[in-house]
Amino acid sequence: MKRPKVQRPLEFFLVFCLFPVILSSCSSHRREVQELMNRYRSSINDQKAEAFLGCFSPAYPDSFLFGEPAEKQIRMELSGSHPPGLKISDQKIEFGSGQARVSLRYFLSRISAGQGRQDQGREELILKRGPEGWRIESGSAIYQILAGRDREEDEIRALLQKRVQALREKDLELFRGLVDPQYNFSGKNFELVVAGMENTFNNYQRIELTLDPPKLTFFPGRADLVEGFRLRAWSQEKPVEFNDTEKLGLTRTGQGWKISKGL
């Protein structure tokens, strides 16, 4: 007959002494992260650009997102006569693998280019703790917006509308100007893409392209785009219709945004 296992003094020590220490450490980290998030929000509402930028890692990946230092644009946004307003809700903090993940819903209102703008959505911030405390490592949509994302989105939407126009008017030169000269994707280069569109123009008397609002993801110097579309083309008065989703890659060049993948 087995004798009941007797807990050793060391095990009692671990349970009753170390466990509270662990709980205290977790509580401390959560408090520090919450303090960072409070500063993240209040620095925008109080127009404190340096406090906002101080929430981010020095090596934050979006520092040169749109071809120039993002800090310059953010300082301009937070020093204007019309301060932006940021509201945060549904915030959730999770810890694991030496980092923290903060998910939240944001509502940002501001004046941009003389017009009122409102941006809302969700973001997932990845935080890491360094010598100076917790800092945001990635994931801030608000950072991108203040750094000029809406301007880039407007340019991309204009590019997409020019593509719709090029197909409707069968304007090969207009289409050519929308494609990155360095296009190289799925076995096609710039010349093959343009030649393929010229062939399409020759084969169809009329072409109509309708696009859904695009979903954009930005990276330094480039962007990925996903959108639904409907394409209708007439050959000898018989329409052919395609309904699908397309994924395009865009590159920011010296001549503006160009399509570099997906055609």
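Before any of the text, the structure's been laid out above.
The rules we used
Per-chain numbering applies: the sequence of each chain, read as written, is numbered from 1 onward. Reporting in this predicted model follows two pLDDT cut-offs: at least 70 for local features of residues, and 80 or more for side-chain atom pairs to be given and counted; totals over whole chains, interfaces and linings ignore these cut-offs and use all residues. Remark: hydrogens and water are excluded; side-chain values derive from all non-hydrogen atoms of the structure. Only runs of H or I of at least four residues qualify as helices and only runs of E of at least two qualify as strands under DSSP, and these elements are numbered from the N terminus. Given a helix with a known number of residues, its expected span is that number minus one, times 1.5 Å. For every residue, the accessible area (1.4 Å probe, protein chains only) is compared with the maximum for its type, and the residue is labelled buried under 20%, exposed over 50%, or partly exposed between those bounds. A pair of aromatic rings is counted whenever rings of Phe, Tyr or Trp (Trp by its six-membered ring) have centres within 6.5 Å, and the orientation is called stacked for planes under 30 degrees apart, edge-to-face for over 60 and tilted otherwise. Distance and angle both matter: a charge sits over a ring if NZ of Lys or CZ of Arg is within 6 Å of the ring centre and within 35 degrees of the ring normal. Residue contacts follow a heavy-atom distance rule, with two residues in contact if any of their heavy atoms lie within 4.5 Å. One requirement defines pairing of two strands: DSSP has to find at least two bridges between them. Axis definition: a line fitted to C-alpha atoms, over the contacting stretch in the case of helices. Angles run 0 to 180 degrees between N-to-C directions.

Novice: Looking at this structure, how should I read helix 5 (residues 149–169)?
Specialist: Within an α-helix, residues lying three or four positions from one another point in the same direction, as the helix has 3.6 residues per turn. In a regular helix each residue adds 1.5 Å, so 21 residues correspond to 30 Å; helix 5 covers 30 Å between its end C-alpha atoms and thus fits that length. What helix 5 keeps buried is the set Arg149, Asp150, Glu152, Glu153, Ile156, Leu159, Leu160, Arg163, Val164, Ala166 and Leu167.

Novice: Is there a simple way to explain the packing of aromatic side chains in this structure?
Specialist: Here the distance between the centres and the angle between the planes together describe a pair of aromatic rings. Following the criterion strictly, the structure yields 9 aromatic pairs and no others. Ring geometry for Tyr40 versus Phe52: centroids 5.7 Å apart, planes at 20 degrees, classification stacked. One end of the pair, Tyr40, is in helix 1 (residues 9–45); the other, Phe52, is in helix 2 (residues 49–53), and 12 residues separate them in sequence. Judged by relative accessible area, Tyr40 falls into the buried class, the value being 0%. Three or more aromatic residues link up through ring pairs in this structure, and these residues are Tyr40, Phe52, Phe56, Tyr60 and Tyr143. The cationic tip of Arg206 hangs over the ring face of Trp234; the distance from NZ or CZ to the ring centre is 4.0 Å. A cation sits over an aromatic face here: Arg222 above Phe219, 4.1 Å from the ring centre.

Novice: Got a minute to help me understand the environment of Glu71 in this structure?
Specialist: In this structure, Glu71 sits in helix 3 (residues 70–77). Glu71 sits 72 residues away from Tyr143 along the chain, and the two C-alpha atoms are 9.3 Å apart. Not counting residues within four places of it along the chain, the set of residues in contact with Glu71 comprises Leu53, Ser63 and Tyr143.

Novice: Whenever I open this one, the pairing of strand 10 (residues 238–253) confuses me. Can you help?
Specialist: Looking along a regular strand, one sees side chains alternate from face to face of the sheet. Pairing analysis gives 14 bridges linking strand 9 (residues 222–235) to strand 10, with the strands arranged antiparallel. Pairing of Arg232 across the sheet is with Glu241, part of strand 10. Hairpin remark: strand 9 followed by strand 10, antiparallel, with 2 residues in the connecting loop; positive phi at Gln236, about 55 degrees. Here strand 10 pairs with strand 11 (residues 256–261) via 5 bridges, running antiparallel. In the strand pairing of strand 11, Gly249 is matched with Lys261. Counting the residues that bridge the hairpin from strand 10 to strand 11 gives 2 residues.

Novice: What exactly am I supposed to notice about the sheet that holds strand 2 (residues 99–112) here?
Specialist: Strand pairing in a sheet relies on backbone hydrogen bonds, with the paired strands running either antiparallel or parallel. Here 4 strands make up an open sheet; going across it, the order is 1-2-3-4 and the pairing antiparallel. Edge positions in the sheet fall to strand 1 (85–96) and strand 4 (133–138), since each has one partner strand and no second. Between one strand axis and the next, the sheet turns through 30 degrees on average, direction left out of account. Of the pairings in the sheet, the one linking strand 3 (residues 115–130) to strand 4 comprises 5 bridges and is antiparallel in character. Looking at the pairing, Ile126 lines up with Ser138 of strand 4.

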